[in-house]
Amino acid sequence: MTTQQQTSYQLPELPYNFGALVPVISAEIMELHYLKHHKGYVTNLNAALEKYHEAESKNDMAAMVALQSAIKFNGGGHINHSIFWTILAPISQGVHEGPQGHLAKMIERDFSSFDLFKEKLSALSIGVQGSGWGWLGYNKNLKRLELASCSNQDPLSSQGLIPVLGIDVWEHAYYLQYKNVRADYVKAIWQIFNWRHIEERFAKACL
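Keep in mind it's a predicted model, so treat the numbers as computed, not measured. (Residues numbered from 1 in each chain as written. Predicted model: local features only at pLDDT ≥ 70, side-chain atom pairs only at ≥ 80, totals over all residues. Heavy atoms only, no water.)

J.: Give me the sheet that holds strand 3 (residues 162-168): which residues, what numbers.
T.: Within a beta sheet, neighbouring strands are joined by backbone hydrogen bonds and run either parallel or antiparallel to one another. As summarised here, the arrangement of the three strands in space is 2-1-3, forming an open sheet in which the pairing is antiparallel. Taken across any chain shown, the strands that pair with only one partner, and hence form the sheet edges, are strand 2 (144-151) and strand 3. Between one strand and the next, the sheet's axes are offset by a mean angle of 25 degrees, whatever the strand orientation. As paired elements, strand 1 (residues 132-139) and strand 3 share six bridges and run antiparallel to each other. (Pairing = 2+ DSSP bridges. Helix = DSSP H or I, 4+ residues; strand = E, 2+ residues; numbered from the N terminus. Axes fitted to C-alpha atoms, helices over the stretch in contact; angles between N-to-C directions.)

The structure is reproduced here in structure tokens:
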């Protein structure tokens, strides 16, 4: 197997069509977000990794260090968006009634109530300065749920948490529809969270 094959990441298939999340997210936003931004992260990640392995083969430490930021940014973008698409679903699927089972109990334990959790994650996401993400993560060491924000495309794993649910608050995720009113977008996105998949992510995080 060649180095290129070993480090070649692929754009994951969307689990729905571009217009499936209307009226919360427009088809135009979804198409641009997926085909321009996420695809761009994958393309740039593969290019950076190829250069990294070439530098590694030459023992060029300076070049390897210089490529770290591009790998982190584009790799994080790929990781984050690959999660994001799967935790959303069309309203017609009927998976938006909120968490059930173990996840529901953990949210109530760690945040007092679902409504308070929703309020806190929304406020955290709206308050991200510039571009970034608001996350619900699982702390495996402490066996509890935690909220965290990440700048740019930094992956939540860099904070020692396993991502369970994330809100993308980069402007490209909402600006064409919600303009500069990030709060309206964050409020609306709760209508299309796929809680059954989010529960599955949480269950795997607990293993």
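J.: Lay out the side chain of Arg 182 in plain terms, naming residues and giving numbers.
T.: Looking at the secondary structure, you find Arg 182 in helix 8 (residues 182-189). It is Glu 171 that comes nearest to the buried, bridge-free Arg 182 among opposite-charge side chains, at 6.2 Å. A distance of 3.1 Å separates the side chain of Arg 182 from the backbone oxygen of Val 169, its partner in a polar contact. Side-chain polar atoms of Arg 182 contact the side chain of Tyr 174, separated by 3.2 Å. Sequence-distant contacts of Arg 182, defined by excluding residues within four places in its chain, comprise Ser 125, Ile 126, Gly 127, Val 128, Gly 130, Val 169 and Tyr 174. (Buried < 20%, exposed > 50% of the residue type's maximum accessible area, 1.4 Å probe, protein only. Lys, Arg positive; Asp, Glu negative; His and termini not counted. Salt bridge = Lys/Arg side-chain N within 4 Å of Asp/Glu carboxyl O. Polar contact = N/O pair within 3.5 Å; in protein donor to acceptor, adjacent residues only side chain to side chain. Contact = heavy atoms within 4.5 Å.)

J.: So, the packing of helix 2 (residues 27-57) against helix 4 (residues 68-86): which residues are in play, and what are the values?
T.: Direction vectors running N to C along helix 2 and helix 4 enclose 140 degrees, while the axes themselves pass 8 Å from each other. Of the possible angle classes, the one that applies to helix 2 and helix 4 is oblique. You can see that helix 2 and helix 4 cross each other, and the crossing is left-handed. The residues of helix 4 that touch helix 2, namely those facing Met 30, His 33, Tyr 34, His 38, Gly 40, Tyr 41, Val 42, Asn 44, Leu 45, Ala 48, Leu 49 and Tyr 52, are Gln 68, Ala 70, Ile 71, Phe 73, Asn 74, Gly 75, Gly 77, His 78, His 81, Ser 82, Phe 84 and Trp 85. Residue composition of the contact of helix 2 with helix 4, grouped by class: 13 nonpolar, 11 polar and no charged. (Parallel < 35°, antiparallel > 145°, perpendicular 65-115°, else oblique. Left-handed = near helix turned anticlockwise from the far one by under 90°. Nonpolar A, V, L, I, M, F, W, Y, C, P; charged D, E, K, R; others polar.)

J.: Give a description of the pattern of salt bridges that names residues and reports values.
T.: Close approach of charged atoms allows side chains of opposite charge to pair. As enumerated under the stated definition, the model contains five salt bridges in all. Between Lys 58 and Glu 54 there is a salt bridge, with its nearest N and O atoms 3.3 Å apart.

J.: Let's hear about the pairing of strand 1: which residues, and what values?
T.: Consecutive residues of a regular strand have side chains that alternate between opposite faces of the sheet. Burial analysis of strand 1 places eight of its eight residues in the buried class, the great majority of the element. Going residue by residue along strand 1, you find Gly 132, Gly 134, Leu 136 and Tyr 138 tucked away on one face and Trp 133, Trp 135, Gly 137 and Asn 139 tucked away on the opposite face as well. In this sheet, strand 2 lies alongside strand 1 in antiparallel orientation, the contact comprising eight bridges. Looking at the pairing, Gly 134 lines up with Ser 149 of strand 2. Linking two consecutive strands that pair antiparallel, namely strand 1 and strand 2, is a turn of four residues; a positive phi of about 55 degrees is found at Lys 143 within it.

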